[in-house]
2 protein chains.
Amino acid sequence: MAQSKTAQNKMTKDVWKRFRVSPGSPSDLSQRDPGDLMLFPDRDEAEKQSVKDGEIIDKLQDKLYAERKRALLVVLQGIDTAGKDGTIRHVFKETSPLGVVVKPFRRPSEVEAAHDFLWRAHIAAPEKGFIGVFNRSHYEDVLVGRVRKLAPKDEIEARYDQINAFEKILAENGIVVLKFMLHISKKEQGERLQARLDEKKSRWKFNADDLEDRKHWDEYMAAYEIMLDRCSTRSAPWYVIPADRKWARNAAIAAIIRTTLEEMDPKYPKPPWDPKSFVID
Amino acid sequence: MAQSKTAQNKMTKDVWKRFRVSPGSPSDLSQRDPGDLMLFPDRDEAEKQSVKDGEIIDKLQDKLYAERKRALLVVLQGIDTAGKDGTIRHVFKETSPLGVVVKPFRRPSEVEAAHDFLWRAHIAAPEKGFIGVFNRSHYEDVLVGRVRKLAPKDEIEARYDQINAFEKILAENGIVVLKFMLHISKKEQGERLQARLDEKKSRWKFNADDLEDRKHWDEYMAAYEIMLDRCSTRSAPWYVIPADRKWARNAAIAAIIRTTLEEMDPKYPKPPWDPKSFVID
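To keep things clear, this report deals only with the structure shown in the data block. Sequence order as written defines the numbering, with residues in each chain counted from 1. The naming scheme follows written order: chains are lettered A onward, ligands numbered 1 onward. Local features in this predicted model are restricted to residues of pLDDT 70 or higher, and side-chain atom pairs are both shown and tallied only at a pLDDT of 80 or more, whereas totals for entire chains, interfaces and linings draw on every residue. Note that the side-chain values use all heavy atoms of the structure and ignore hydrogens as well as water.

The biggest cluster of nonpolar side chains holds 76 residues, and the ones touching the most others in it are Phe40(B), Phe92(B), Ile131(B), Phe180(B) and Ile257(B). Looking at this core, the element that brings in the most residues is helix α11 (residues 246-264) of chain B, giving 10 residues. What Phe180(B) contacts, discounting residues up to four positions off in sequence, is Val74(B), Val75(B), Leu76(B), Gln77(B), Trp238(B), Tyr239(B), Ile241(B), Ile253(B), Ile256(B) and Ile257(B). With 75 residues, the next largest nonpolar core counts Ile79(A), Ile88(A), Val102(A) and Tyr220(A) among its residues. For our purposes a nonpolar core is just a set of buried Ala, Val, Leu, Ile, Met, Phe, Trp, Tyr and Cys residues, chained together by side-chain atoms within 4.5 Å. Only protein chains enter the accessibility calculation, which uses a 1.4 Å probe; a residue whose area is less than 20% of its type maximum is buried, one above 50% is exposed, and one in between is partly exposed. Secondary structure counts use DSSP, requiring at least four H or I residues in a row for a helix and at least two E residues in a row for a strand, with both numbered from the N terminus. Any two residues whose heavy atoms approach within 4.5 Å are treated as being in contact.

See the structure below:
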């Protein structure tokens, strides 16, 4: 038992180290293998571990909610079909919708677009006691924004520091920020897009625009790399998660979220009054 | 198999009939037993059925989301400790936080209180494709509002029709509204409050205000009865769920939500284009 706990801790440290983009160091995206299974060689074991981590996440979320002092923000970014929805479905399978609030970032509405680009992200920041999940995020404004030239270049250049300042504000106010890039290969994306076309039940997910974006694959990867290089900070680090295998992706993300919550170590509050001072009749 | 399906359907019809407040008929709250186990005599079976219903709810929610045309709004009301949080935790255990949005109605904020009482409820109405859960709701304004005299009497009297009009608007715009009163006995509430005091892990949930409200038990029940009598409508019926036994409560609510979604019968959209017209390279 003690040994398995140690093995577990070592594994977790390896996950952190292997996937984290060290603040200040180049992310070397092209050197990161989307099919990397080094830490999760066995599918069955990885799936079992994810379920266990999910149960622990649920328990810790309940304490976080009781404590009402801090929050966790999970940012999910990735190219189309990278598995953002699937990650949420699997990692938070055990966590009640009571404590997890998911915010999808779609094309900005007219009202959103009339504000600065971080306005809608700040509004969606999780309340104390909650886990917030950004399904896509404010990073779209330096990804699609950059590739599709949706704003002048100097405006986009200025956004990286603005994002870092924004996330530092969150972090200094008790919101722990975890950012995951779901990293898939171009080949894997091709297969997933084809599967969406082939399977009747998933055909509705197919969007012809995704093919347009696919043509800009290299530009997107370059934009991701700049984002990782400039915005992996001590307050809010980026993790690049190998995501060609869904089970390995889920296992890595669940492990990082679980350990983050364990380090936050939320506690059930101890009210200052004496329970015997109340009489219920 | 066919027979068990028929038995299941019969059971579901019984659940609807037994717990629904027929629009236009008196709710007879005092005649409804919070400990009623007539439909769920066996705990094991009820729990198994809830899990099964939860899985079906998850599958149908995915179709609802894909379809993006309609939504389901689940309103949960009940006196303190009636089990609103527990209901959400259990009934939506299998449903991903991707598709379920929970809105807790606490004491109105200054901004909320500066608007009409239905303003915050309308803002929180679920987006098409989602299941929205109101944890407490706009009905607080005719419950605590009435008992604690938070508004002039004629204003409160006018609210019932306003609520009906509001819910009719939602229903006519594709939002199916299900309203559940979690009905517990005064004795059961006493035990649950005492348990909150006794168990260290749940002590933080105890609120001395709840004891204040408990002193007004009969007035609250009278306010609930008026609400049921006036606001169980064809567009948005009320169900009074016997809630002294948590597993019976979960089983009843899961069954009603499942069947409601089955009747809505959401479908994966069939895109108008030919999948062969796309080439992925």
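Let us keep going from here.
Here we take up the interface of chain A and chain B. Facing 40 residues of chain A, the contacting portion of chain B comprises 40 residues. Buried area between chain A and chain B, summed over both chains or domains, comes out near 3900 Å², and the portion from carbon and sulfur atoms is 63%. Whenever a carboxyl oxygen of Asp or Glu lies within 4 Å of a side-chain nitrogen of Lys or Arg, that contact is scored as a salt bridge. At the boundary of chain A with chain B, the tally comes to 8 salt bridges. Among the salt bridges present, the one from Asp58(A) reaches Arg89(B), with a minimum N-O distance of 3.2 Å. Nitrogen and oxygen atoms within 3.5 Å of one another constitute a polar contact, given that in protein one can donate a hydrogen and the other can accept it, and given that sequence-neighbouring residues count only through two side-chain atoms. The interface formed by chain A and chain B includes 10 residue pairs in polar contact (both at pLDDT 80 or more). At the level of secondary structure, the elements contributing two or more residues to the side of chain A that touches chain B comprise α2 (43-67), α3 (84-91), β2 (100-104), α8 (186-198) and α9 (208-215) of chain A. Each residue belonging to the side of chain A that touches chain B can be placed in one class, and the counts come to 23 nonpolar, 4 polar and 13 charged. When two components associate, each loses some accessible surface as probed by a 1.4 Å sphere; the sum of these losses over both components is called the buried area. When residues are grouped by polarity, Ala, Val, Leu, Ile, Met, Phe, Trp, Tyr, Cys and Pro land in nonpolar, Asp, Glu, Lys and Arg in charged, and all others, Gly among them, in polar.

Next up on the list: the sheet that holds strand β3 (residues 131-135) of chain A. Residue and element names in this part refer to chain A. Only when DSSP finds a minimum of two bridges between them are two strands counted as paired. One open sheet accounts for 5 strands, arranged β2-β3-β1-β4-β5; its pairing is parallel. Each edge of the sheet is formed by a strand with only one pairing partner; in this case those strands are β2 and β5 (238-242). Across the sheet, the mean angle from the axis of one strand to that of its neighbour is 20 degrees, orientation sign disregarded. Set on the sheet, helix α7 (residues 153-172) makes contact with β1 (71-78) and β4 (175-183); between it and β4 the angle comes to about 130 degrees. Its contacts with the sheet put helix α11 (residues 246-264) on β1, β3, β4 and β5, and the angle it makes with β4 is roughly 170 degrees. For helices, the axis comes from a line fit to the C-alpha atoms of the stretch in contact; other axes are also lines fit to C-alpha atoms, and the angle between any two N-to-C directions lies between 0 and 180 degrees.

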